[in-house]
Every structure is written in structure tokens, then in C-alpha cells.
Amino acid sequence: MNDQAIIGCTNTPVIKERGQHEVFCGLTGIIWLHRKMQDAFFLVVGSRTCAHLLQSAAGVMIFAEPRFGTAILEEGDLAGLKDANDELDREVGRLLERRPDIRQLFLVGSCPSEVIKLDLARAAERLSSAHAPHVRVLNYSGSGIETTFTEGEDACLAAMVPGLAKTDASNLLLVGALPDVVEDQARTLLADLGIETVQVLPGRRADQDPQVGPNTRYALLQPFLGETAAELDKRGAKRVAAPFPFGEEGTTLWLRAVAAAFGIGDATVDRVTAAPRARARKAVAAAAETLAGQSIFFMPDSQLELPLARFLTRECGMEAIEVGVPFLHSKIMADELALLPGGPRIAEGQDVDLQLDRVRADRPDITVCGLGLANPLEREGLTTKWAIELVFTPVHFYEQAGDLAALFARPLRRKAILEGTA
Amino acid sequence: MKLTVWTYEGPPHVGALRVATGMKGLHYVLHAPQGDTYADLLFTMIERRGKRPPITYTTFQARDLGSDTATLFKDACLAAYERHKPEALIVGASCTAELIQDDPGGLAEALGLPIPVIALDLPSYSRKELFGTDETFYQLCRALAKPMDRTPEVSCNIIGPVGLGFRHRDDVVEVTKLLEGMGIAANAVAPMGSRPADIARLGAAHFNVLLYPEHAENAARWLEREHGQPYTKTVPIGSDATAAFVVEVAKLAGVKPAMDTDALRQPWWSASVDSTYLTGKRVFIFGDATHAMAAAKVARGEMGFEVCGLGCYNREFARPLRALAKELGVEATITDDYLEVERAIAAAAPEMVLGTQMERHIGKRLGIPCAVISSPVHVQDFPARHSPQMGIEGANVLFDTWVHPLVMGLEEHLLTMFREDFEFSDEAGPSHHGGHAPAATDAGAAALRLADGPDDISEGKTELQVVWVPAAEKELRKIPFFVRGKAKRNTEAFAIERGVSEISVETLYEAKAHYAR
């Protein structure tokens, strides 16, 4: 192995861009968070634009009365903050009366509420005491002036950490909202390894929220949870540094790191993971036939770009041309950068027009981008993969490794079928 | 502050973007934070456009707020001009930028660009998307339309179509065909399909054909005032309205009314005996006011339905809709709260809903068939085939799409005759929609549960003091699902009217005789 392979992209200079960002704001995370936390309601305090964004980003409207809504600011609310607070209290009161099943209410700040400096932290305190003990009211910002897409989940989970019960017991805390089926798979693997107390942030219900303390080890399930990690550090918990559990290799390295933190050796990990590893390799291999040798360009979107580039290059034989990320958290991404074979450009931030110029110059075999860009690029003859599907689909751990690879293979296969070259 | 779950309209700057996206050679610079770019996907995903909408977002962040967001705006303006070389620029602020008061209009003006720069003032905290389309097109006309001589031959402008419009693409084709049939040329089609240069010569037309008052009524009025162009008041949806439209246009153009009706099949399809079963079907209609009112007229006059509810979400057009509702003997539902619409539909227990994508979902929940007649739209509202609402083919399309969700006539009879056939049961839904039976058994019950929603508990108690004796309830269940809701409602109303607190089989049939038509 040469030096470059060992350090991967650790020392790759980062292109930093500032311009139009073609990325969702943090409010979008509500679309999956509200399904994950079954007794929580997300109340965005914002404008009609926020409500329209949630509705449009959800794509298919989830009409089974969603557990989110927008308190739309009107002219009168802008005139005086006192009135806005009164109005908010009234709307929250009505909402909780109508939905007695709600145990956690998140007041979610937006661009307009931030700009008019509506203090949602104080509102949350006030409303918490008014509706205690039945409902706990928290707040975080999902505004586009402060958060990018998946950072909304980070802000939400970070807001939950200070309220978590304290424990001195040793426990493992998994951080990140995964589909229940994937979460259950992870729990089974960890139980098989012999790790007894495994808890998840966020819990599915308020009474299932984890406990945290100086003997807590936590492992991030998603690469965008930097703020949450910082909050957990403040509570004395210790992070298990690892690559993220995407693909067979990522999952194995993640499990090894977690196991090591609990004094469990490689032999046990090998024994427990042998069968699922083989399955994952087999499933990935099927998609890798399509993917091998193809080039890929990541526009910045979900913050999953680096781990996915690592998975696609190392396990599927793809060649990364550019890996764009909304922001680069060097500590959390250290293991990923080291694993990612050198070669691609790494870009942080975005000036969408300049980046599209690079896409057109490179003509990658597949471009990972947001919904606003996908069809226009397809019309230019470029194949794309919608990034949003990566956060809405179960893609973590062994049993989903094949599905993850297939998400990228499908647009290529489809194109071949339509062009008659399949 | 108003709690909203789903909205019928986006913010007004989305309306402006719909105008810009329909046009060529126009660019929109929007002072907005990251995240507002979601609006692009409305066009690229829902409408499947193969080009990005012509818009540049300044993407300011929290850290810019303290410093210089104005410079950011000016830089974005210059970069957009350099890259896209538009013929004209529209500039404005989204909801957040409105609060920081950078004055995009003034800033863009100061750049001294060699093209017209039109500032849009779209108040985000008091107005909505349809105001945005109408105001933007009006401002474009004001800024660009120059006084000029009329074309030598009679011509008109077709105004109103915009990006993301419900069947606008196909309506324009149909209406153009109608006009050509009378020898009237289209001087311009705007905003969708035009360039700024086309707007500049709107004044050359002899009159305007206003297709969608929601998007272009302000402009039509202004063009009438400033350029002396009268405009059409009839929206040609349905065969009656299309005929009336032809007469109105002929009068404005000074030509003889003419329409080739060879391809107009809707009136005969409606008159043929197979359609008898459509008589008196109770429909609830909701959408934007123009489409809802047109649908109500077609439903009553051309399909033979009974309109049992009518409403719109755009308050600006409430007055004519209220008048029509009154004429039809129903109460108008004017609201942009979809929960309120859901309650109104549940209470009316219609046999079909003609609505927007929101009502389609409401219909699904209540087990009531629905056809879509208006925005807000969904990817399915942009079919690959030609599928207009207006003109001759539009009338044909209305017939097909409104009949399709229903159980067919003979099937309806068979269901009534052999209600207890275990295979051929009404609960399976229309047989030509294999596989997706509505939640039929619960339709009536769900409708009633909803009518008894939390908001009604305090005031609406009296309605629910009647009880069904088990035998009557069993008899009610024998009635096919598509009329069960109506039968239940009618029987209860009948019982309450007579002070009967217990509904027996007898009461059920007395009510049936009472409401017989």
C-alpha cells in the first residue's frame, strides 16, 4: 500500500465556495423526525414559505394527520413581539388540547423567527411549565440561515441532550434517527456482541429516551450530528470514533470500534458478523457489476457524501470525481477522509452555477444532486441520483448494503434499458 | 399567527417564479436564505421541466445579517446578468428578506444594468401565491407594454397561463384552435410562452382573452384602461361556456361566431342513455374560484349532477362564487384551511368530490371518489397526453375524467339487486378500478365521525340525539356504499325534523319516500 492509500483524502485541499446553495434548510428533517418520534409534534414558527417547503419536500403529502404544522407569522405578529408570544401560547394551547397524545412538542425556529428575534427558548420554558408534566416543550432552529438540510436533525437531537436523565451506569448510546427496522437490526448485532445496555437517541417515545453520563459511550449513526456530539461531550459521554455504518466495510469497522470500546475483541466481532458480512458482500456485488468503473460526482446535500463516496469507491469500484459537502466537520469525518482513496476534489459549501460548470466539464457517469437539479441534468444527458432518497430509505448496516448500492445502480441500469444498450 | 398543516397556496414569491418560469428571456433575482431554493423542484419535479427555473437566490446566512446583505444582493444580480444575459430582470425579496429591508428594487436600479429591471413588492406576511402571479404579470405589463398601433388583421392576446398551472399547456392549444377557427390570430400568449419583447407588444392586439382571472385579471384591467383593449369574461370550460366564449370573442373581434363541433362529443355522451345513472349524483366542488365555478356549472347543466357543496380557497374571488353557490342553493365554503374543507365534505356526504389534490386525499380518507379540477397540483396533473380543460376537447376530457371514478350505471343496479353476493360486492368499489377499493364500509361512518369532529362537539350536539335501532342499521348497510352516506344523512335529518329519536326500518323507508325524486 502506498502512502496515498493510507492517508486517503486526509490532506486533500478543500475547495471552499460561497454562492447560491441549492440545498434544503434544516426544517426538512421534520419529515422523517416526526415519523420516528411517535408522540412528538413539530411546530414550525415561521412563514407560509416554511409550510410550503415542508409540503413540497414531503413530495407525497402524508395525509394521515401529520405530527407537524406551521404557525404562520402574519403582519400583526411582526409588529409586536409580545403579541407574537401571546399568539404562540394560544396556538400551542389549542394544538395540545386537540392532540392529547402529544408528549413532546418541538418549537422549531425558522428564518423569519430568527430575524425578528422571537425567543423560542424562553417560549419553550414558559410553555413547558404551563403544560408540565404531561408535555415537554423543547426548541431548536431549523432555519436556512443557520442550518442545511440534515443539520435540522442535529439541532433537534442536540436540543434533547440537556434534558436526558443522568446515569452513572455504563451504556452505549446510538445517535441518529434510523428507520425502526434498521435500528432493530443494529440492536440485534450489538446484543450478539454482548453489549447489554443499548439506547437510542431519539427514542421512539418520550419515555424511551436514553440516559447519559460519564460512563456513556456514544456512536454516531449519521455523519451530520456534530452539535449533538458536542452536547453529549458536555454531559461527560465519550464518542466512539469510527467510520459510518454504510456498506459491509463501514458497518464492520463501526462495529469493531464500538466493540473495542466495550472491551470486546475482534474474534467475537468476526464470529457475530461473519454471516451478515457474507450476505452484504453478495448483495453489494450484484449492484457493483453495474457500478464498477463508473465515475460519480456529489453535489453537496445530505452530508452523507463522504461516507457514501467511500462506500462506492472501495466496495463498488466507482471513481469519485468531486465530493461536495455542505460543510466539513473534520473531526467527525476524519476516519472517512482517511479511507476515501485519493483522487477526487473535496468541495465545501456551494456556488451552484460554478459547480454545475464543473459537472458539465467532467461529464460524470452519475451525479448525486437535489430534486431541483436532477431533471435539468438528465435533459443534458447526464445520469443523476436524487440525494433525498438517501435519507428517506433504509441504507445503514449489513442488510441494507445491497439496497444502498442498488440505489446508485438503478439510474444507470434504467438508462441502459431505455437506450437499448442493456 | 395561524396554525397550518397543508396549504393551498405557497408564498407570493412562488407566484412570481411561476410567471418567470413560464417565460423565456426573463430572470428573477430573489433575495432569500438557503432553503428557499426548494421552489425549483416544483417545476423540475412536478412539472418535469428539463431546465432549471430562471432564478438566482442570494442565499444569505445568519453571519451575513450583521454585515452586508445588500452587497450580496448586488453581486448576485450582476452575476445573474452576466451568466444568463436576460432581456429583463425581476427582483424581489422572500419572506425573510422582506424583514431585513434591503430594498432589492433600489439596489438593482443602482447597478445601471442595460435592461429593464422590475421591482416586485410582494408582501409575504399578508398575501399568497395567486396574488404573486397576478401582481407579477401586472408589473411586467406596466413596465414593458408600450403604446402601439393595432395589427392590421384582427388579433388578440391570450393571457393568464403560467408555469405549474393546472392544464395551462393544453388549454392554450385548445383556445388557440377556437380563435383560429374564427380567423383570429394570437398576437401573444403570455406570460407562459412569451419573452419580455412579446409583452412589450401586447398593445398591438385588438382585445385580450383572459383564460385565468387568478393570474391575469389585474393585467387585463390595466390593458383595458391604458391600451383600450377589452377582455373576455367567459372562461371556456365545458361545452356551454365554450359556446358562450365563442359568441363573446366574435363580438369583440367583430366577426361571425363560428365553432367546428365535429369533435365535440361531450353533449351526446351526456345525453346517451348510458349516462342516465349520472342524474342527480351529488358532487362537492372545491378549488380555485375560476375552476370551481366552471365545474359547478358543468356539473349541473351538462352532467346532470346535483351540486351539494361549492367552495374556493382564494378569498379574493369569494364574491362571484358566493353568488353562484346561492343560485345553486348551497352554502359556499370559502377557506384555505383544509381541515375545514374536510369537515364540509364529510357533512355533505357527496357521492363524488371535484377538487384539488388536497380533496383527492380527503376523498381517499372518506372513501369518496374524486376527480381533480384545479391547482394545487401534483405530478399526476401533468399527463403526457393532451388533456385540456378548456374548449371542445376540454369538454370531452371533463366528461371522461369525472365519470371515471364512479361506479358504472348497470353495475350500480346489479350491486343494488344482488347486495349480498359475496364476490360482486359494493365494498370492492368500481369494478374497473381493480385492486384499490375505497374504505367503503366505513365511508358513511367515517363521514359521520368527522362531522362529529372535536370542533363540533360543543355546538352540534342536537344532530346526534337520534339513534338507529339494530334492524334499521342492518338495513342501512344493505344500501350500496356510494349512496349510503346520503341515505344515512337524509334519514337522520328526516327523523330530527319530525322529532323522532329512534330510527327504525320504517323511518328509513319513510325518509326514502320523502326524499324521492
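Attention here is on the structure that accompanies the text. (Residues numbered from 1 in each chain as written. Chains lettered and ligands numbered in written order. Predicted model: local features only at pLDDT ≥ 70, side-chain atom pairs only at ≥ 80, totals over all residues.)

### Let's talk about the nonpolar core
The line we're drawing: For this analysis, nonpolar core means a set of buried Ala, Val, Leu, Ile, Met, Phe, Trp, Tyr and Cys residues linked through C-beta atoms within 7 Å. Remark: C-beta atoms are placed from the backbone, and a residue is labelled buried if 20 or more other C-beta atoms sit within 10 Å of its own, exposed if 12 or fewer do, or partly exposed between those counts. Contact definition: two residues whose C-beta atoms, as placed from backbone geometry, lie within 7 Å.
By size, the foremost hydrophobic cluster in this structure holds 262 residues, and its most contacted members are A:Leu43 and B:Ile285. Beyond its immediate chain neighbours, meaning those up to four positions away, B:Ile285 contacts B:Ala292, B:Ala295, B:Ala296, B:Ala299, B:Val307, B:Gly309, B:Leu310 and B:Leu354. B:Trp468, B:Ala495, B:Ile503 and B:Leu508 belong to the second largest nonpolar core, which has six residues in total.

### Some words on helix 10 (residues 213–227) of chain B
Turn by turn, an α-helix covers 3.6 residues, leaving residues three or four places apart pointing in a common direction. Heads up, the rule is: In this description a helix means any DSSP run of H or I spanning at least four residues, a strand means any run of E spanning at least two, and both kinds are numbered starting from the N terminus. To estimate the expected span of a helix, count its residues, drop one, and scale the result by 1.5 Å.
Over its 15 residues, helix 10 of chain B runs only 18 Å from end to end, short of the ideal 21 Å by more than 12%, given 1.5 Å per residue. B:Gly228 sits one or two residues past helix 10 of chain B and shows a positive phi near 65°.

### Considering the sheet that holds strand 6 (residues 155–159) of chain B
All names here are of chain B. Put simply, the rule is: Should DSSP find at least two bridges between two strands, the strands are taken to pair. All axes are obtained by fitting lines to C-alpha atoms, using only the stretch in contact for helices, and the reported angles, taken between N-to-C directions, cover 0 to 180 degrees.
With respect to topology, three strands assemble into an open sheet ordered 7-6-8, the strand pairing being parallel. Edge strands, defined here as strands with exactly one partner in the open sheet, are strand 7 (185–190) and strand 8 (207–210). Sheet twist, expressed as the average angle between the axes of neighbouring strands with direction ignored, equals 25°. As paired elements, strand 6 and strand 7 share five bridges and run parallel to each other. Of the residues in strand 7, the one forming a bridge with Ile158 is Val189. Helix 10 contacts strand 6 and strand 8 of the sheet and is inclined by roughly 165° relative to strand 8.

### Overview of the interface of chain A and chain B
Interfaces are often sized by the amount of accessible area the parts lose when they come together. To be explicit about the condition: Gly is put with the polar residues, along with every residue not named as nonpolar or charged; the nonpolar set is Ala, Val, Leu, Ile, Met, Phe, Trp, Tyr, Cys and Pro, and the charged set is Asp, Glu, Lys and Arg.
Taken together, the 52 residues of chain A in the interface contact 45 residues of chain B. The leading source of residues in the side of chain A that touches chain B is helix 3 (residues 48–57) of chain A, at eight residues. By residue class, the composition of the side of chain A that touches chain B is 26 nonpolar, 14 polar and twelve charged. In terms of strand pairing, strand 3 (residues 68–72) of chain A meets strand 1 (residues 2–4) of chain B through three bridges, oriented antiparallel. Of the residues in strand 1 of chain B, the one forming a bridge with A:Ile72 is B:Lys2.

### Notes on the environment of B:Val469
Residues and elements named next belong to chain B. In this structure, Val469 sits in the loop between strand 14 (467–468) and helix 20 (470–477). Classification of Val469 as partly exposed rests on a count of 15 C-beta atoms within 10 Å. Taking C-alpha positions, Val469 is 27 Å from Arg282, a pair spaced 187 residues apart along the chain.

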